[in-house]
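Summary of the model geometry
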Amino acid sequence: MRPFSYQRAASPAEAAALAARTPGAKFIAGGTNLLDLMKLEIETPAHLIDVNGLALDKIEATPEGGLRIGALVRNTDLAADKRVRRDYAVLSRALLAGASGQLRNKATTAGNLLQRTRCPYFYDTNQPCNKRKPGSGCAAIGGFSRGLAVIGASEACIATHPSDMAVAMRLLDAQVETVRPDGTTRSIPIADFHRLPGNTPAIETSLAPGELITAVTLPKPLGGQHFYHKVRDRASYAFALVSVAAVVQKDGSGRVALGGVAHKPWRVEAAEAHLPQGAKPTAATLLAGAHPTHDNAFKLPLVERTLGAVLAEARA
Amino acid sequence: MDRPSDFDLTRREMLASGAAVMAVTAAPHAAEAETQVTHSAPPPVLAEIAFKVNGKPRTLKVDTRTTLLDALREHLHLTGTKKGCDHGQCGACTVIVDGRRINSCLSLAVMHQGDSITTIEGLGTPGNLHPMQAAFVKHDGYQCGYCTPGQICSAVAVLDEIRAGIPSHVSGDITAAPRMSTDEIRERMSGNICRCGAYSNIVEAITEVAGKRA
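Residues numbered from 1 in each chain as written. Chains lettered and ligands numbered in written order. Predicted model: local features only at pLDDT ≥ 70, side-chain atom pairs only at ≥ 80, totals over all residues. Heavy atoms only, no water.

1. Here's the deal with the overall build of chain B
As a reminder of what qualifies: Strands here mean DSSP runs of E at least two residues long; helices mean DSSP runs of H or I at least four residues long; both are numbered from the N terminus. The buried label goes to any residue with under 20% of its type's maximum accessible area, the exposed label to any with over 50%, and the partly exposed label to all in between, with areas taken from a 1.4 Å probe on protein chains only. In these tables, accessible area is a Shrake-Rupley quantity obtained with a 1.4 Å probe, and a residue counts as shielded only by the protein chains included in the view.
Counting its secondary structure elements, chain B contains eight helices and five strands. In chain B, the succession of helices and strands from N to C terminus is α-α-β-β-α-β-β-β-α-α-α-α-α. Across the 214 residues in chain B, those meeting the buried criterion constitute 47%. Working note: accessible area of chain B is about 10,900 Å², and carbon and sulfur atoms make up 56% of it.

2. Concerning the overall build of chain A
Condition: Atoms considered for the radius of gyration are the C-alpha atoms alone. The globule rule reads 2.2 Å times the number of residues to the power 0.38. Whether two residues touch is decided by their heavy atoms; if any such pair falls within 4.5 Å, the residues are in contact. Two residue types count as positive, namely Lys and Arg, and two as negative, namely Asp and Glu; His and chain ends fall outside the count. A charged residue contributes its charge at one atom only: NZ of Lys, CZ of Arg, CG of Asp or CD of Glu.
Looking only at helices and strands, chain A has 12 helices and 11 strands in total. Relative to the 2.2 N^0.38 estimate, which gives 20 Å for 316 residues, the radius of gyration of chain A is 19 Å and therefore close to what a compact globule would have. Of all 316 residues assigned to chain A, the portion counted as buried reaches 57%. Expressed as a percentage of contacts within chain A between residues at least 6 apart in sequence, the contacts between residues at least 24 apart total 62%. For chain A, the exposed surface amounts to about 12,300 Å²; the carbon and sulfur share of it is 53%. Between the centroid of the 37 positive side chains of chain A and the centroid of its 27 negative side chains there is a distance of 3 Å.

3. Structural notes on the environment of Ala279 of chain A
Residues and elements named next belong to chain A. In this fold, Ala279 is placed in helix 11 (residues 279-286). Since its relative accessible area comes to 12%, Ala279 is described here as buried. In contact with Ala279, other than residues within four places in its own chain, are Glu304, Leu307, Gly308 and Leu311.

4. As for the nonpolar core
How we decide: Put simply, buried Ala, Val, Leu, Ile, Met, Phe, Trp, Tyr and Cys residues joined by side-chain atoms within 4.5 Å make one nonpolar core.
Of all hydrophobic cores here, the largest spans 53 residues; its most connected members are Leu78, Leu91 and Met169 of chain A. Counting residues per element, this core draws most heavily on helix 5 (residues 89-97) of chain A, at seven residues. With near-sequence residues (within four places) excluded, Met169 of chain A lies in contact with Ile69, Leu78, Leu91, Thr109, Ala174, Ile190, Val216 and Leu218 of chain A. Ranked by size, the runner-up nonpolar core spans 32 residues in total, among them Tyr6 of chain A together with Val62, Cys93 and Met111 of chain B.

5. A closer look at the interface of chain B and chain A
Condition: Put simply, buried area is the surface a 1.4 Å probe can reach on two separate parts but cannot reach once they are joined, added for both. Basic side-chain nitrogens of Lys or Arg form a salt bridge, by our definition, when they fall within 4 Å of a carboxyl oxygen of Asp or Glu. In the analysis that follows, any N or O atom pair within 3.5 Å is treated as a polar contact, provided that within protein one partner can donate a hydrogen and the other can accept it, and provided that, for residues neighboring in sequence, both atoms belong to side chains. Ten residues, namely Ala, Val, Leu, Ile, Met, Phe, Trp, Tyr, Cys and Pro, are considered nonpolar, four, namely Asp, Glu, Lys and Arg, are considered charged, and the remaining ones, Gly among them, are considered polar.
With 43 residues of chain B at the contact, the number on the chain A side is 41 residues. Summed over both sides, the interface between chain B and chain A buries roughly 3,400 Å², with carbon and sulfur atoms accounting for 56% of that surface. For the pair chain B and chain A, the interface holds two salt bridges. When the shortest N-O distance is used, the salt bridge between Lys39 of chain A and Asp86 of chain B registers 2.8 Å. On the surface where chain B and chain A come into contact, there are 23 residue pairs in polar contact (both at pLDDT 80 or more). Elements with a minimum of two residues in the side of chain B that touches chain A: strand 4 (100-103) and helix 6 (148-163) of chain B. A per-class count over the side of chain B that touches chain A returns 16 nonpolar, 21 polar and six charged.

6. What to know about the packing of aromatic side chains
Residue and element names in this part refer to chain A. Just so we agree on the cut-off: Stacked, tilted and edge-to-face are the three classes applied to pairs of Phe, Tyr and Trp rings, where Trp contributes its six-membered ring and a pair requires centres within 6.5 Å; stacked means planes under 30 degrees apart, edge-to-face means over 60, and tilted covers the rest.
Applying the stated criterion across every chain, the model contains one aromatic pair over all chains. Here Phe122 and Tyr123 contribute two aromatic rings whose centre-to-centre distance is 6.0 Å and whose plane-to-plane angle is 80 degrees, an arrangement assigned as edge-to-face. Residue Phe122 is classed as buried on the basis of its relative accessible area of 1%.

7. Observations concerning the sheet that holds strand 10 (residues 242-248) of chain A
Residue and element names in this part refer to chain A. To keep things clear, this is the line we draw: The pairing criterion is simple: DSSP has to find at least two bridges between the two strands. For helices, the fitted line uses only the C-alpha atoms of the stretch in contact; every axis is such a line through C-alpha atoms, and the angle between N-to-C directions lies from 0 to 180 degrees.
Judged by pairing direction, the sheet is antiparallel, and its three strands sit side by side in the order 9-10-11 without closing on themselves. In the strand order of this sheet, the two ends are held by strand 9 (225-231) and strand 11 (254-259), each with one partner. With direction set aside, neighbouring strand axes in the sheet form an average angle of 10 degrees. As defined by bridge partners, strand 9 adjoins strand 10 across seven bridges and the pair is classed as antiparallel. Paired with His229 across the bridge in strand 10 is Val244.

8. Examining the packing of helix 5 (residues 131-139) of chain B against helix 6 of chain B
All names here are of chain B. Let me state the cut-off plainly: Throughout this description, any angle smaller than 35 degrees is read as roughly parallel, any larger than 145 degrees as roughly antiparallel, any in the 65 to 115 degree range as roughly perpendicular, and the remainder as oblique. For a crossing to be left-handed, the near helix must be turned anticlockwise from the far one by less than a right angle; the clockwise case is right-handed.
Here helix 5 crosses helix 6 at 125 degrees, and the two axes come no closer than 10 Å. For the element pair helix 5 / helix 6, the angle class is oblique. Read as a crossing pair, helix 5 and helix 6 show a hand that is right-handed. Here Met132, Gln133 and Phe136 of helix 5 come into contact with helix 6, specifically with Thr148, Gln151, Ile152, Ala155, Val156 and Leu159. Each residue belonging to the contact of helix 5 with helix 6 can be placed in one class, and the counts come to six nonpolar, three polar and no charged.

9. Quick word on the sheet that holds strand 5 (residues 67-70) of chain A
Sheet strands line up and pair through hydrogen bonds in the backbone, either parallel or antiparallel. Residues and elements named next belong to chain A. Judged by pairing direction, the sheet is antiparallel, and its five strands sit side by side in the order 4-5-8-6-7 without closing on themselves. Of all the strands in the sheet, just strand 4 (59-61) and strand 7 (185-189) have a single pairing partner and so form its edges. Between one strand axis and the next, the sheet turns by 25 degrees as a mean value, whatever way the strands run. Where strand 6 (residues 175-179) lies against strand 8 (residues 212-218), five bridges are found, and the strand directions are antiparallel. Across the sheet, the residue bridging to Thr178 is Ile213, located in strand 8. Packed onto the sheet, helix 1 (residues 12-21) meets strand 6 and strand 8 and runs at close to 130 degrees relative to strand 8.

Here's what the structure looks like:
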């Protein structure tokens, strides 16, 4: 790990201003992904701004009937919150399907959104990787790609976003609230928050330098039945090969989003019109234009079957 | 960088005499030294930290890079907490901070100012075992023992999490309070790997303590 200086921020606006004017600065909250990457010198911040003291750890009702989740609410606390369990069960289920108990106790809401989109070649510093070292090439394309993206990828990168929570946030149309270095605030729809890799896979979100997430807001509850089905190589503590988040209403209408298939949580609103007709037409629209590799082509039928299982459970 | 000429020299010498072996091994070292100069790392930054470990106030001056795990093991010589993968994947480093289990390898010591940390040494002593330690002994919940301190710290916190009503991936009705079961224990312990494979005995040990507490 490279040496770094460290300070605790006193307010969100001050933290953002500090980050913008300090070369090589990064925020640290739970640290579970950042420290992992710092040990491998994939992340090499010269300065860490500890935001844990910023009192952004409350979950509050909004005037619109939704919930405002502070950026520092731990994954365990968000999953266990009674309102989330009752009104946004898909979010609780997604959180509980991710990581381990120890990691969920540390990982924060904002940090979960900001964990790096990654693949084994991103972690292997002996390999070229356009995300880790822009312009160096992609060892995953033509390499071992079983777990990697089947849609929305590019010639530069086929990594997948590993978060389960973010898939549920995308399904629920969450808004990401931020403060910028000049003290102004904005609200970013989750659909626009994570980026596809294109030619710049190293840039993963729409945040500007120094911009700090302060909260994630959920609109009022959707009702319906909530599902998060995660298919993985072992029963617990593994990334998704494919995951399906869904809210299904009594009349068969609903919403669906996928994890494990793309550089960001994958949702195609147009596909949802097909939900009453079943998994086949819905999955076909969701995955239209998919470019799987030989190793991960299995993910396409796996999405359809996992969605099929969800819809069967909804009808039962 | 003048690698091509280094290589030429090496190759010539290798052809000329057996002494070239030295040059071959020296070349990478020269390259390494150059890399270090180019990146010239800034000097380490020291920071002071005060926290409570197993009930005792402790003050340390550490390199900011020091993880909580290394602070416990290398600075406070509490070597019960183990370093396995050092990346949050194995759970050997699990300790309890302010009542919650975490991976001490993925947390900086400087971020624990004022915290209260419990390690395996703080749970019980050889003469006065914590009930979870006693149950692991009784049920043979270990083989080599390396993962055991992490398993025990995790298990103690798991029972607290179930009692606090925190649901898990295997909880059927997510709005209801979770129930104590083998499935619940297995799922919640998935962040602690045991390469000897003592899992079934570990589950028996935890189940026994859970039953006594209920």
